[in-house]
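# Structural overview
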Amino acid sequence: SQQGEEDPQALSIQEGENATMNCSYKTSINNLQWYRQNSGRGLVHLILIRSNEREKHSGRLRVTLDTSKKSSSLLITASRAADTASYFCASSLRNAGNNRKLIWGLGTSLAVNP
Amino acid sequence: DAEITQSPRHKITETGRQVTLACHQTWNHNNMFWYRQDLGHGLRLIHYSYGVQDTNKGEVSDGYSVSRSNTEDLPLTLESAASSQTSVYFCASSASGTGHEQYFGPGTRLTVT
């Protein structure tokens, strides 16, 4: 069963604009991760935020985590056509015996138009 | 450089045939995972392994099996292929004792006719 739910399902923006994707989850997590998937390729890990962190940056990526609302957001600033991809959130559960599996959302499809 | 590879990249097979998809990683990761990805369903976990001789069923394991005889390989076998198993299959691995970030292979596109 999927724990993560992402919204929007699809997002279309112009190059240079910011893109924000949201992810909600259901149970306590150890960390939450974001991945990118280009068409026809495997997923690539982008960034991880731990349950005791509230914000994290990596280049043009900014991730926030609100554990009280069980939600996270991924912001891509100054988007480029090359950012066109699907973005997935995945959570590692707090259950120590089960935290190596990731629970995946259904993804947000981002189209950045030149 | 360490990597995770899958073979074949594309496979067409007939209903009822046994098919094995290979996954090989050189990260020396303990944890390995098999997913299938279908439109509208996202990634669904088929089987996973936390080490040699360890295998576990995921949420969609019926009709699939895996074995882990060494650290590097986790082959996925479809015992008797069905049209419902037409999908893109991804293998992933992760290290223990970390945030469990997963590294993915390029995928195998399987068509069962």
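The structure contained in this document is the topic of the report that follows. (Residues numbered from 1 in each chain as written. Chains lettered and ligands numbered in written order. Predicted model: local features only at pLDDT ≥ 70, side-chain atom pairs only at ≥ 80, totals over all residues. Heavy atoms only, no water.)

### Some remarks on the overall build of chain B
Within chain B one finds zero helices and eleven strands. The secondary structure elements of chain B, listed N-terminal to C-terminal, are β-β-β-β-β-β-β-β-β-β-β. In terms of overall dimensions, chain B is globule-like: its C-alpha atoms have a radius of gyration of 13 Å, near the 13 Å expected for 113 residues. Each of the three principal axes of chain B carries a C-alpha extent, and together these read 40 × 25 × 25 Å. In chain B, the share of contacts with a sequence separation of at least 24, taken over all contacts with a separation of at least 6, comes to 53%. Working note: accessible area of chain B is about 5200 Å², and carbon and sulfur atoms make up 45% of it. Separation between the mean location of the 8 positive side-chain charges and that of the 11 negative ones in chain B comes to 8 Å. (Helix = DSSP H or I, 4+ residues; strand = E, 2+ residues; numbered from the N terminus. Rg over C-alpha atoms; globule rule 2.2 N^0.38 Å. Contact = heavy atoms within 4.5 Å. Areas by Shrake-Rupley, 256 points an atom, 1.4 Å probe, with all protein chains shown as cover. Lys, Arg positive; Asp, Glu negative; His and termini not counted. Charge placed at Lys NZ, Arg CZ, Asp CG, Glu CD.)

### Comments concerning the nonpolar core
One broad rule of soluble globular proteins: the nonpolar side chains tend to lie buried together. All names here are of chain A. Met-21, Leu-32, Trp-34, Leu-74, Ile-76, Tyr-87 and Leu-110 are the most contacted members of the largest nonpolar core, which totals 21 residues. Sorting the residues of this core by element identifies β3 (19-24), β4 (29-37), β5 (43-50), β7 (61-66), β8 (71-76), β9 (85-93) and β11 (108-113) as the ones contributing at least two each. When residues no more than four places from it in sequence are discounted, the contact partners of Leu-32 are Cys-23, Tyr-25, Ile-47, Leu-48, Ile-49, Ser-72, Cys-89, Ala-90 and Ser-91. (Core = buried A, V, L, I, M, F, W, Y, C linked by side-chain atoms within 4.5 Å. Buried < 20%, exposed > 50% of the residue type's maximum accessible area, 1.4 Å probe, protein only.)

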